[in-house]
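Descriptive analysis of the structure
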Amino acid sequence: MIELEGVPELIDPVMVAAFEGWNDAGDAASTAVAHLEREWKGEVFAALDAEDYYDFQVNRPTVFMDGGVRKITWPTTRLSVVRVGGEKPRDLVLVRGIEPSMRWRSFCNELLGFAHELGVELVVILGALLGDTPHTRPVPVSGVTSDPDLAQRMDLEETKYEGPTGIVGVLQEACTHAGVPAVSLWAAVPHYVSQPPNPKATLALLNRLEDLLDLRIPQGELPEDARAWQVGVDQLAAEDSEVAEYVQTLEEARDTAELPEASGEAIAREFERYLRRRDVSPPGGHATADGGEGGSYLRDNPGGKSRPSKPQKPDAAEGEDEDSSED
């Protein structure tokens, strides 16, 4: 049994997880969880033993200076708890790490042990994949689950994916077999500009998470970063006529496919999000590990901004085998 000292009884807890690696195109998913930690001042309360799950020749430790003392950060998966304030406060258990190199079943069982001990009612796993989607259009985000009843109740797609999977798919199935409701949200990242960061995809994942959990997430600088990212990619794509023509082809295909859906549910979701954000006072948030308000001591938070690399030409794109939502 996992003993959790210093973590109080949680309110309607939901576990939100993301992992760097194969299921994290453009670092969109892991950056989304890092954003939640930063905005709600999450404090880490547990970390998995790095030696149990990681090959350090694949995911190497990093050295940093702390007050003149050299220290090492080991690649691992960390858990933090944040409380979302408002009329109906609730807690989020945030899981952020790296896709493990080995012992995936033990890895999932350990996370499920934390979920059981904390009384988690729902697990939401964020992912991002490479797709044939234009950077000029809203980022498609699909919500899938293996539970047909959950799919109907939460207006999700019941997954039919078959093929190679990553830790997102394995953890979701582990949750299903353990009787823990689980959902995965997938953002499609343009394959021709797959280099991180991708704030537009991160923002899309957070918006979809808002809708799913019916809460308000402070967006910080993400909307401005997303606009700057798109302008940067626009400029780079305009420098290559072949890429510009390819983007136009993707735009036409996307617009044609979504024309019948231009009204209805999509507009309703946007209107509901607008109404939520009319309240100018942001909800309070604090770490519940020790009741403090201090900033997170995670040292691997994504930092800094970089200009998007030049888009790849269509014939040089990689990772197109990931162009489908998996479990």
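Here, every reference points to the structure presented above.
Concerning the overall build of the chain
- Secondary structure assignment for the chain yields nine helices and 11 strands.
- The buried share among the 327 residues of the chain stands at 48%.

Concerning the pattern of salt bridges
- In total, this model carries five salt bridges according to the counting rule given.
- Lys-71 is the salt-bridge partner of Asp-66, the closest N and O atoms lying 3.0 Å from each other.
- Judged by relative accessible area, Asp-66 falls into the partly exposed class, the value being 27%.
- The network of salt bridges with shared partners includes Arg-137, Glu-251 and Asp-255.

Some thoughts on the packing of helix α6 (residues 199-213) against helix α7 (residues 222-238)
- Remark: α6 packs on α7, axes separated minimally by 8 Å, with the N-to-C direction vectors making an angle of 140°. Compared by their axis directions, α6 and α7 come out oblique. Crossing handedness for the pair α6 and α7: left-handed. Every residue of α7 that contacts α6 at Pro-199, Lys-200, Thr-202, Leu-203 and Leu-206 is listed here: Leu-222, Pro-223, Asp-225, Ala-226, Trp-229 and Gln-230.
- Its residues placed into classes, the contact of α6 with α7 shows seven nonpolar, two polar and two charged.

Focus: unusual backbone geometry
- Here the residue pair Pro-196 and Pro-197 is connected by a cis peptide bond, since its omega of 0° sits within 30 degrees of zero.
- With phi around 55°, Asp-27 is a residue other than glycine that occupies positive phi space.
- As for its placement among the helices and strands, Asp-27 is situated in the loop between β1 (14-20) and α1 (28-39).

What to know about the packing of helix α3 (residues 104-118) against helix α5 (residues 167-177)
- Where α3 meets α5, the axes come as close as 10 Å, and the angle between the chain directions of the two elements is 55°. When the interaxial angle is binned, α3 and α5 end up oblique. The handedness of the crossing between α3 and α5 is right-handed. Across from Trp-104, Phe-107, Cys-108, Leu-111 and Leu-112 in α3, the residues of α5 making contact are Ile-167, Val-170, Leu-171, Ala-174 and Cys-175.

What to know about the packing of aromatic side chains
- Following the criterion strictly, the structure yields five aromatic pairs and no others.
- On the basis of an interplanar angle of 65° and a centroid distance of 5.8 Å, the ring pair of Phe-19 and Phe-107 is categorised as edge-to-face. Here the residue Phe-19 occupies a position in strand β1, and Phe-107 occupies one in helix α3, the gap between them amounting to 88 residues. Neither Phe-19 nor Phe-107 differs from the other in exposure class; each is buried.
- By the ring-pair criterion, three or more aromatic residues cluster together here, those being Phe-19, Tyr-53 and Phe-107.

Side note on the pairing of strand β5 (residues 78-84)
- Here β5 lies mainly inside the structure; seven of its seven residues are buried.
- The sheet contact formed by strand β2 (residues 43-47) and β5 spans four bridges and is antiparallel. Bridge pairing in β5 links Ala-47 to Arg-78.
- Sheet topology places β5 next to strand β6 (residues 90-98); seven bridges connect them, and they run antiparallel. For Val-84, the partnering residue across the bridge sits in β6 and is Arg-90.

Parameters at a glance
- Residues numbered from 1 in each chain as written.
- Predicted model: local features only at pLDDT ≥ 70, side-chain atom pairs only at ≥ 80, totals over all residues.
- Heavy atoms only, no water.
- Helix = DSSP H or I, 4+ residues; strand = E, 2+ residues; numbered from the N terminus.
- Buried < 20%, exposed > 50% of the residue type's maximum accessible area, 1.4 Å probe, protein only.
- Salt bridge = Lys/Arg side-chain N within 4 Å of Asp/Glu carboxyl O.
- Axes fitted to C-alpha atoms, helices over the stretch in contact; angles between N-to-C directions.
- Parallel < 35°, antiparallel > 145°, perpendicular 65-115°, else oblique.
- Left-handed = near helix turned anticlockwise from the far one by under 90°.
- Contact = heavy atoms within 4.5 Å.
- Nonpolar A, V, L, I, M, F, W, Y, C, P; charged D, E, K, R; others polar.
- Phe/Tyr/Trp six-rings, centres within 6.5 Å; stacked < 30°, edge-to-face > 60°.
- Pairing = 2+ DSSP bridges.

Structural measurements only, silent on function.
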